[in-house]
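Working through the structure, step by step
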Amino acid sequence: MSPPRQATPNNERSPLLSAATNPNRRRDVDPVTGRFAFADSSASLVAAAAAGLLFLLASFLAYEYGTASAPSVPPALSNAKVPRRHGNDRLRPGEVFLDTDGDPVNAHGGGFLFHDDTYYWYGEIKIGPTTLPESNAAWGGTRVDLSGISCYSSRDLLNWDYEGVALSASSDPSHDLYKDNVAERPKVVYNNATGKYVMWLHVDSADYRRARCGVATSDRPEGPFAYRGSFRPDGEMARDLTVFVDDDARAYLLTSSEDNAAIHVSELTEDYLSTTGNYTRIFVGRYTEAPAVFKRRGRYYLVGSGCTAWRPNAARSAWAPSMMGPWTDLGNPCRGEGANTTFRSQSTYVLHVPVRGGEGDEANFVFMADRWNENNLSDSRYVWLPLTFDEEEHVPNVKWRDEWSPALVVDAWPT
């Protein structure tokens with residue numbers, strides 16, 4: 001999120017529901033892990049819990065003594081990690097995503113890494129009260145204190161294990177990751193040459209005037225990541241960002257630059273820790289943020305959004321024969337009712353999901369977005385949808401689905 005091109009009124013209220021729908025239930029936050037915990041004031045839940053334990057004990061004894069059959073693993077989850085407590089069989093865009101411990105996933109503005117048959121999800125930890133600094137009042141730039149970057153892992157994109165805080169906030173007021181600052185849009189890539197996992201993220205002051213990129217590294221995908229500092233790539237402003245690694249191991253950084261008036265595509269050094277000075281400007285004068293990049297059949301695609309602070313707008317897309325361009329506008333990839341607001345969400349990533357038996361870069365794709373709640377940022381939701389293609393025009397399409405399941409090991413999305 002960045003300041004919009006023009007100031008917008010701050011009198012709108014989000015239609016989103018609270019994650020806790022039971023009025024007798026309160027939601028607490030662990031200040032260390034950034035995870036939600038639910039507590040209930042009704043004594044009846046104690047009895048319900050006891051009854052549940054008795055039921056589980058009876059089920060176990062029935063299985064042990066041959067009066068019940070062993071539970072089977074659904075085919076869609078056969079390659080997944082066994083969930084610790086909770087299991088998901090479908091994605092329901094806009095609803096609360098729960099991890100395998102039953103806690104809401106806290107990983108906003110996320111980036112994703114597929115490594116050693118495991119998907120890793122990195123995102124902003126949003127906890128605590130949502131406030132509106134005076135410096136941001138004109139454009140509605142609400143915020144929560146910086147609390148670090150979380151990491152989750154999954155084998156099936158449905159069931160996510162919480163791995164912990166991948167990059168911690170700092171208690172030093174002079175540090176980029178101090179609570180009063182901004183750390184957004186974490187993206188992690190693996191460098192085969194150095195064996196390092198490299199995280200890029202947008203770091204900023206509360207008023208978004210510093211506009212820099214932060215870099216951190218780790219020997220493990222789940223972290224902890226060691227923060228290496230921040231800078232302006234190629235000497236230019238940098239806000240929302242993403243990182244893309246091509247088939248030849250060359251990596252590129254895309255940033256909202258020039259006060260968001262253009263996207264800069266910058267080539268990274270071989271260690272992925274800095275830029276080479278070779279960059280190009282695209283979407284010039286379009287005021288674009290939330291870039292997401294992917295490759296399909298030799299073509300490069302970009303999906304992004306306009307700049308309207310936390311409020312949703314119509315997505316935009318483009319394609320190019322190479323990362324350095326030239327880029328051709330393809331318009332809004334979203335189709336159907338809600339397309340003009342990207343289904344009340346904003347892009348963060350497009351995930352490449354390999355197809356079993358596919359060749360080259362043949363793949364399915366998942367469009368990943370955030371449904372921001374500007375008045376209660378910790379209750380922002382995730383909107384994940386299949387991204388398909390118009391084969392004749394090579395144009396990406398995103399359509400709404402109330403629920404769906406990723407096709408990880410088949411050749412087409414479910415109908």
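Residues numbered from 1 in each chain as written. Predicted model: local features only at pLDDT ≥ 70, side-chain atom pairs only at ≥ 80, totals over all residues. Heavy atoms only, no water.

**Some thoughts on the overall build of the chain**
Summing up its helical and strand segments, the chain has one helix and 23 strands in all. Burial statistics for the chain: of 415 residues in total, 51% are counted as buried. For the chain, long-range pairs separated by at least 24 residues make up 54% of all intrachain contacts whose partners lie at least 6 apart in sequence. Surface accessibility of the chain: about 18400 Å² in total, with carbon and sulfur atoms responsible for 50%. (Helix = DSSP H or I, 4+ residues; strand = E, 2+ residues; numbered from the N terminus. Buried < 20%, exposed > 50% of the residue type's maximum accessible area, 1.4 Å probe, protein only. Contact = heavy atoms within 4.5 Å. Areas by Shrake-Rupley, 256 points an atom, 1.4 Å probe, with all protein chains shown as cover.)

**Some thoughts on the side chain of Thr255**
Take Thr255: it is sitting in strand E12 (residues 251-257). In this structure Thr255 touches Cys213, Pro233, Met237, Ala238, Asp240, Leu241, Ala262, Ile263 and His264, once residues within four positions along its chain are discounted.

**Here we look at the pairing of strand E14 (residues 275-282)**
Note that strand E13 (residues 262-268) and E14 share five bridges and pair antiparallel. Following the sheet pairing, Leu268 is matched in E14 by Thr275. The antiparallel hairpin formed by E13 and E14 contains six residues in its connecting segment, where Tyr272 sits at a positive phi of about 65 degrees. (Pairing = 2+ DSSP bridges.)

**Quick notes on the environment of Gly87**
Along the chain, the position of Gly87 falls in the loop between helix H1 (44-64) and strand E3 (108-115). On the basis of relative accessibility, which here comes to 54%, the residue Gly87 falls in the exposed class. Residues Gly87 and Leu158, 71 residues apart in the sequence, show an inter-C-alpha distance of 7.9 Å.

**A closer look at the pattern of salt bridges**
Side chains that differ in charge, positive against negative, can pair when their charged atoms come close. Within this structure, the stated rule accounts for 19 salt bridges. Here Asp247 ties to Lys295 by a salt bridge, and the two come within 3.0 Å at their closest N and O atoms. One end of the pair, Asp247, is in the loop between strand E11 (241-245) and E12; the other, Lys295, is in strand E15 (residues 288-296), and 48 residues separate them in sequence. The network of salt bridges with shared partners includes Asp89, Arg90, Arg92 and Glu403. (Salt bridge = Lys/Arg side-chain N within 4 Å of Asp/Glu carboxyl O.)

**Things to note about unusual backbone geometry**
Here the amide bond leading from Gly223 into Pro224 is cis, since omega sits at 10 degrees, within 30 degrees of zero. Its place among the elements puts Pro224 in the loop between strand E9 (212-218) and strand E10 (226-231). Look at the link from Gly325 to Pro326: it is a cis peptide, with omega at 5 degrees. Among the structural elements, Pro326 can be located in the loop between strand E17 (316-320) and strand E18 (328-331). Located in the positive-phi region is Asn260, a residue other than glycine, with phi close to 75 degrees.

**Re the pairing of E3**
Burial within E3 is extensive, with seven of its eight residues counted as buried. Pairing between E3 and strand E4 (residues 118-124): six bridges, direction antiparallel. Its bridge partner lying in E4, His108 is registered against Glu124. Adjacent in sequence and paired antiparallel, E3 and E4 are bridged by two residues, among which Asp116 carries a positive phi angle near 50 degrees.

**Thoughts on the sheet that holds strand E5 (residues 149-154)**
Taken in spatial order, the four strands make up an open sheet running E3-E4-E5-E6, and their pairing is antiparallel. Two strands close off the open sheet at either side, each with one partner strand: E3 and strand E6 (161-167). Strand-to-strand, the axes of this sheet are offset by a mean angle of 25 degrees, without reference to chain direction. (Axes fitted to C-alpha atoms, helices over the stretch in contact; angles between N-to-C directions.)

**Looking at the packing of aromatic side chains**
Under the criterion given, the structure shown has 26 aromatic pairs. Their ring planes at 50 degrees and their centres at 6.2 Å tell us that Trp121 and Tyr152 sit as a pair that is tilted. With Trp121 in strand E4 and Tyr152 in strand E5, this pair connects stretches of sequence that are 31 residues apart. Per residue, the accessibility class of Trp121 equals that of Tyr152, and both read buried. Measuring from ring centre to ring centre gives 6.2 Å for Tyr122 and Phe225, while their planes differ by 90 degrees; the resulting arrangement is edge-to-face. With Tyr122 in strand E4 and Phe225 in the loop between E9 and E10, this residue pair connects regions lying 103 residues apart in the sequence. Since its relative accessible area comes to 0%, Tyr122 is described here as buried. (Phe/Tyr/Trp six-rings, centres within 6.5 Å; stacked < 30°, edge-to-face > 60°.)

**Comments concerning the sheet that holds E18**
What the four strands build is an open sheet, ordered E15-E16-E17-E18; its pairing is antiparallel. Lying at the two open borders of the sheet, with one neighbouring strand each, are E15 and E18. Between one strand and the next, the sheet's axes are offset by a mean angle of 25 degrees, whatever the strand orientation.

**Here we look at the nonpolar core**
Among the nonpolar cores identified, the biggest contains 37 residues, and Trp121, Leu351 and Trp384 are the most heavily contacted of them. Secondary-structure elements contributing two or more residues to this core are E4, E15, strand E16 (299-306), strand E20 (346-354), strand E21 (363-371) and strand E22 (381-390). The biggest single contributor to this core is E22, with six residues. The residues contacting Trp384, other than those within four sequence positions of it, are Leu91, Pro93, Phe97, Phe112, Trp121, Leu157, Trp160, Val366, Phe367, Met368, Ala369 and Trp404. (Core = buried A, V, L, I, M, F, W, Y, C linked by side-chain atoms within 4.5 Å.)

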